[in-house]
Amino acid sequence: MAILVLGGAGYIGSHTVYELIDYGEQVVIVDNLETGHIEAVHPKAKFYQGDIRNRAFMDRVFEENKIDAVIHFAANSLVGESMTNPLKYYDNNLCGTKVLLESMVAHRIDKIVFSSTAATYGEPENIPILETDKTNPTNCYGETKLSMEKMFKWTGKAHGLRYVSLRYFNACGAHESGQIGEAHAPETHLIPLILQVPNGIRESITIFGDDYPTPDGTCIRDYIHVTDLAMAHIQAVQYLRAGNTSNIFNLGNGVGFSVKEVIETARAVTGHPIPAVIEGRRAGDPARLIASSEKARQVLGWNPQHDDLSKIIASAWKWHKGHPDGFAK
């Protein structure tokens, strides 16, 4: 039996495939390569290029392979773009998931692990954020992810589907081999943007706001190494295979680092001065976002192995230094 990884040529998806194959799993990947990279596909995985919105295509994938469970990364995920082009997000994230679920129900596939987001919570009421906290997204991306979670819930009630939704924060770092890593266009994540400075791609890094109610005035975020995220998805599959009920888990290190702390750590790792420029706050940036992942630790047995910020940035730097243009030849 194989695990179907949707979006398995993307950043977190490709790292999850690498870990699955190391665990001896058979893996089938579906990716339309809109934002994924064929170079990130593990050579031992079976790859289909196609779109989850295409019912005939999804039916063929399920008919040609013995699929035990699905891990779903296939979604658009840029917060800013979701606000200027919300219908793109409803089309890909929600319509795609609807077609996927129709095909899964038809082929009696009853287990799915979903790559969700802390954006489902919106402005946090409490720090650290708990799974029981209110969900009130402040952007269309978070709204579509929350709607996808609800689709799994109601499909489960009607058809016996069981799901695990993993809500996580800032994925970062790269595979220890340096063969795959983060490569987005445009790049919006802090650590890759910082590392563009020592790589000669940009002259400085911009800090949006230094007047937040935090110790150094800059936003605090929870950073999780991509391999730790990959392991959580695998443990979630094992949880469902063991017959457990649907569940939602936060994933985070439970420790926050400010923008200035991340830049300072990158300076130490790279040996580059990395000039920083202060600009005004961006709309909708909460001062602090930190997750409690106590539930994931207790129920899934998840235990992040790469929670040292220096090591996270060092793994990212190994990848970006060797691949300044991402996967481009």
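Counting starts from 1 at the beginning of each chain's written sequence and moves along it residue by residue. At least 70 in pLDDT is required for a residue's local features to be given in this predicted model, at least 80 for side-chain atom pairs to be given and counted, and no such filter applies to totals for whole chains, interfaces and linings, which use all residues. Derived side-chain values reflect all non-hydrogen atoms in the structure, with water molecules and hydrogen atoms excluded from consideration.

**Structural notes on the environment of Ala56**
The way it works is that DSSP assigns letters per residue, a run of H or I at least four long becomes a helix, a run of E at least two long becomes a strand, and they are numbered from the N terminus. If you trace the backbone, Ala56 turns up in helix H2 (residues 55-64). Between the alpha carbons of Ala56 and Ser103 there is a distance of 8.8 Å; along the sequence they are 47 residues apart.

**Examining H2**
Taken together, the buried positions of H2 are occupied by Phe57, Met58, Asp59, Val61 and Phe62. Here, residues are in contact when the closest pair of their heavy atoms is within 4.5 Å. Residues of H2 that are buried make contact with strand E1 (2-6), strand E2 (26-31), strand E3 (46-49), strand E4 (67-72) and helix H4 (86-106). A distance of 3.2 Å separates the backbone nitrogen of Ala56 from a side-chain oxygen at the start of H2, and that oxygen is part of Asn54. Classification of residues uses two cut-offs on accessible area relative to the type maximum, computed with a 1.4 Å probe and protein chains only: under 20% is buried, over 50% is exposed, and between them is partly exposed. Counting of polar contacts relies on pairs of N or O atoms within 3.5 Å, with two restrictions inside protein: one atom must be capable of donating a hydrogen and the other of accepting it, and residues adjacent in sequence are counted only when both atoms are side-chain atoms.

**Thoughts on the packing of aromatic side chains**
The description of an aromatic ring pair uses the distance of the two centres, along with the angle that the planes make with each other. In summary, the pairing rule links any two rings of Phe, Tyr or Trp, Trp by its six-membered ring, whose centres are within 6.5 Å, and it sorts them by plane angle into stacked for under 30 degrees, edge-to-face for over 60 and tilted for everything else. Applying the stated rule across the entire model yields five aromatic pairs. When the centroid spacing of 6.3 Å and the interplanar angle of 70° are considered together, the rings of Tyr48 and Phe57 count as edge-to-face. When sorted by exposure, Tyr48 lands in the same class as Phe57, which is buried. Among the aromatic residues, those joined into a ring-pair cluster are Phe114, Phe152 and Tyr163.

**Side note on the environment of Phe327**
The residue Phe327 is located in the segment after helix H10 (309-322) in this model. Since its relative accessible area comes to 10%, Phe327 is described here as buried. Sequence separation between Phe327 and Ala183 is 144 residues; the distance between their C-alpha atoms is 7.0 Å. Beyond its immediate chain neighbours, meaning those up to four positions away, Phe327 contacts His37, Glu39, Ala40, Gln179, Ile180, Gly181, Ala183 and Trp319.

**Quick notes on the sheet that holds E1**
Pairing is parallel in the open sheet, where seven strands are placed in the order E3-E2-E1-E4-E5-E6-E10. A single partner strand is all that each edge strand has here, and the edge strands are E3 and strand E10 (247-251). In this sheet, adjacent strand axes meet at a mean angle of 20° when their direction is disregarded. Summarising the sheet, E4 and strand E5 (residues 111-117) pair through three bridges and their orientation is parallel. Bridging across to E5, His72 finds its partner in Phe114. A fitted line through C-alpha atoms represents every axis, and for helices the fit uses only the stretch in contact; the resulting angles, taken between N-to-C directions, go from 0 to 180 degrees. Lying over the sheet, helix H5 (residues 140-159) contacts E4, E5, strand E6 (162-168) and E10, oriented at roughly 160° with respect to E5. The pairing criterion for strands is at least two bridges between them, as found by DSSP.

**As for unusual backbone geometry**
Here the amide bond leading from Ile127 into Pro128 is cis, since omega sits at 0°, within 30 degrees of zero. In this structure, Pro128 sits in the loop between E5 and H5. With an omega of 5°, the peptide bond between Ala185 and Pro186 qualifies as cis. Mapping Pro186 onto the fold places it in the loop between strand E7 (170-172) and helix H6 (190-195). Positive phi is not limited to glycine here, since Leu33 has a value of about 65°. Residue Leu33 is classed as partly exposed on the basis of its relative accessible area of 22%. A positive phi angle, near 45°, is found at Ile274, a position not held by glycine.

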